[in-house]
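Coordinates in review
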Amino acid sequence: MIKTILKPFAKFFELQARTHYRVERHSMALTFGIILAAGVGGFVEIAPLFTIDDTVEIDPDMRLYTPLEQAGRDIYIREGCYACHSQMIRTLRDEVERYGPYSLAVESQYDHPMLWGSKRTGPDLARVGEKYSDDWQVRHLVDPRALVPESIMPHYAFLLDAQLETDSLPDRLWALRMVGVPYTDDMIENAAGDAVGQARPDSDRVNGVVERYGQQTAVRTFDGRSDMVTEMDALVAYLQILGRLTDLPQQIQPQPEE
Amino acid sequence: MMSNLTGAERTSAMLISGMGVVIGLTMAIVGRNDVMGAQGWIVLAFSAVVFFMVANALYHPEPTEDRTTSYYDDPTKVGIVLALVWAVVAMGIGVWVAAQLAWPGLRFDAAWSSFGRIRPVHTSGVIFGFGGNALIATSYHIMQRTSRARMPDQVTPWFVLLGFNLFCIIAASGYLMGVTQSKEYAEPEWYADIWLVVVWVAYFVLYIRTLARRNEPHIYVANWYYLAFILVVAVLHIVNNLAIPASLAGAKSYSAFSGVQDAMTQWWYGHNAVAFFLTSGFLGMLYYFLPKRADRPIYSYRLSILSFWGITFFYIWAGSHHLHYTALPHWVQTLGMTFSVMLLIPSWASAGNALMTLNGAWHKVRDDATLRFMMVAAVFYGLSTFEGSFMAIRPVNALSHYTDWTIGHVHAGAMGWVALITFGSIYALTPVLWHRERMYSAKAVEWHFWLALAGTVIYVFAMWNSGITQGLMWRTYTQSGTLRFSFTDTLIAMHPYYVARALGGLLFVTGACIGFWNVIMTIRHVSKQNRELDHPTSPKATEPVLPVAE
């Protein structure tokens, strides 16, 4: 039966086979053919994402990560948290009801790289910010099964004793500005001090942090330790900002897709 | 082995590994306040070992053999052994990672042993360590045989093979120290990425130069697939890894892309790593070893053309099916879904072509476990490409995405297709490479086959159940219209499947260990046998006529 269906195309197949039979003698013809054939799809799908304006919503009030939050994000990446936690709420009713308004493109506008994730071994974290207290987050990271007996998450108790390395923060913010995050010279210059200041509510650095990153910046002793700024401070500061860089999703009040 | 290099070749090998020592030392000094320093010491140690191995043979007598009368197989042999070492290690770590999900206490207390850090060691170790070494080694074998020509020189193949393994070692050790870009299957940081580009360019040049020396007018289909593998992986790797390092003295870098563009670029890369690393290259393996082992010609020349260009063209579009219902614009999602479904045609054309080739040789499939490895691999290839197209349909993806169904699908492909075709090819190749009569133990090959198949089936069924159960639980509502299950409820439901999955993986890695043992015993204990017709021939051999119509 297949033969009957294909019969009208016999001439075409014949031509194609004969042409290919000649072409496949030239390694460079194959090379260019492969690059051409494989190049089209990627170009058509990726290039317009940079040029079509409504790909990413515009929010002039979009906040930047503070140095402490960015340091926490780097720890989140270092520990591979993204392997089990997504940060992308899909436009499905049950997800919106479980996690909150679906994620917008603008929310990860300054995420280099994005951490949308691909697997939910644990729950989505796109809107976990301020859902739990700092204390809960710290205790959960130190011993997940003490708070959630069914949890299979690894513990991260060592973060509480690891002093946060802040010397490289100006460099890191500089690199982020190179790829498009609008950090100012002032922010880059003071990055190391601001990271400490954000976790030290009593210090005189607080004013600078609030001045540079806005009134809404959470200035707290995130890990409960006042003797040093730890990696736990940074990670919890990051977790508490998730979903709170912009309130556009709440404003739009998205209706879930049917 | 080093004695087969000429004096000049030994010198340039020492020069290259000496440069490696210098680069390693530079990294160690410049990055002393960062994890990059530790990576530098690893580069230094690796290069120093190579340097001294060559230096040790520097004053051995020059080789006297006539290079035009034989193929150059030394790097192929080392590549095959390295592939098996990576298989045992990386699959073993896979079992450990899987067990951590069933029994989280198995993480123990070290910082480096958490799921997040060792999972990429498993994925990269299997894909790049095992798969990559197998691809490089078999490509060396196949490009010489199908061109009836020897490789142009003896240093480049070593550079590519060892350089690639250095990349894998930097990557794996880096993950344990927390060095990662977080881009799945592209986790290594900027210096490792740059190094891989250097290695890859050398690989491409080596391939093209060998093809240029061929004594056969036509380039065989296996080579098309290897070429596509080399070329497209280069493009994907370079674009997806574009990044600005925070400092040249540290490992940390930030991706050039952000948010939605980064997500699309990442999954354009991620899905085509599946296409051009885990499919294209292994199809090259299949197109050579399956017909050789079955002693039957490829069923259809035209299906080969159709499926090759179909795969090359369609696959690239499919990446956006990883981002259904996300903030990625709808039109890109739709394109990804459409092309993923169309992709089934060239995929099944390939699988069908392989299975039809076995017509007239099915009794061999019954008797010969090596050929059975390849046959079952082709079947799994057909099944998992069907599953892939199915899962790319938006409403199906709504259920399957973020769940273990994805993991099951990937492992149906990785274990059932990629690993089985590789093991089959290794069993077919080992006696040829080392000039042995046969494998040491045919019974061990049987055992490996059944352990691998049982392991795969248990694994995949466990993940199907787990994934679909969890997906359905997430979207179950009570009669009053509220969500029925909390996230932790689903975790309890997953537990038995996670135990089964670890068991399936354990069976699979046991098979790999048996395979490794069998290959080593073959090299050491099976008597020699010279192979006829396994040497380059003159270009005078007559050209075949036009392919016979089916």
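In what follows, the structure referred to is the one given above.
The structure reproduced in this document is the subject of the present report. The structure presented is a predicted model; accordingly, all values stated were derived computationally and were not measured.

We now examine the interface of chain B and chain A. With 99 residues of chain B at the contact, the number on the chain A side is 88 residues. Roughly 8,100 Å² of surface becomes buried between chain B and chain A when both sides are summed, with 65% attributable to carbon and sulfur atoms. Taken as a group, Tyr254, Tyr325 and Tyr402 of chain B account for 10% of the area that chain B buries against chain A, more than any other trio of residues on that side. Put simply, chain B and chain A have four salt bridges between them. The salt bridge involving Arg302 of chain B is made with Glu14 of chain A; its shortest N-O contact spans 3.2 Å. At the boundary of chain B and chain A, one finds 32 residue pairs in polar contact (both at pLDDT 80 or more). Tallying contributions element by element places helix α8 (residues 259–294) of chain B first for the side of chain B that touches chain A, with ten residues. Tallied by class, the residues present in the side of chain B that touches chain A amount to 57 nonpolar, 26 polar and 16 charged.

Taken as a whole and judged by the stated rule, the model has 35 salt bridges over all chains. One salt bridge connects Arg139 of chain A with Asp135 of chain A, and the closest N-O pair in it is separated by 3.4 Å. Taken together, the residues Arg139 of chain A and Asp135 of chain A, both in helix α6 (residues 134–142) and four residues apart, mark about one turn of the helix. The exposure class assigned to Asp135 of chain A is partly exposed, which follows from its relative accessible area of 46%. Salt-bridge contacts for Asp73 of chain B lead to Arg145 of chain B; the nearest nitrogen and oxygen are separated by 2.9 Å. On the criterion of sequence distance, the pair formed by Asp73 of chain B in the loop between α2 (35–56) and α3 (74–102) and Arg145 of chain B in helix α4 (residues 115–147) is long-range, its members being 72 residues apart. For Asp73 of chain B, a relative accessible area of 9% corresponds to the buried category. Linked by salt bridges that have partners in common, Asp74, Glu165 and Arg172 of chain A together with Lys252 of chain B make up one network.

Analysis parameters
- Residues numbered from 1 in each chain as written.
- Chains lettered and ligands numbered in written order.
- Predicted model: local features only at pLDDT ≥ 70, side-chain atom pairs only at ≥ 80, totals over all residues.
- Heavy atoms only, no water.
- Contact = heavy atoms within 4.5 Å.
- Buried area = accessible area lost by both parts, 1.4 Å probe.
- Salt bridge = Lys/Arg side-chain N within 4 Å of Asp/Glu carboxyl O.
- Polar contact = N/O pair within 3.5 Å; in protein donor to acceptor, adjacent residues only side chain to side chain.
- Helix = DSSP H or I, 4+ residues; strand = E, 2+ residues; numbered from the N terminus.
- Nonpolar A, V, L, I, M, F, W, Y, C, P; charged D, E, K, R; others polar.
- Buried < 20%, exposed > 50% of the residue type's maximum accessible area, 1.4 Å probe, protein only.

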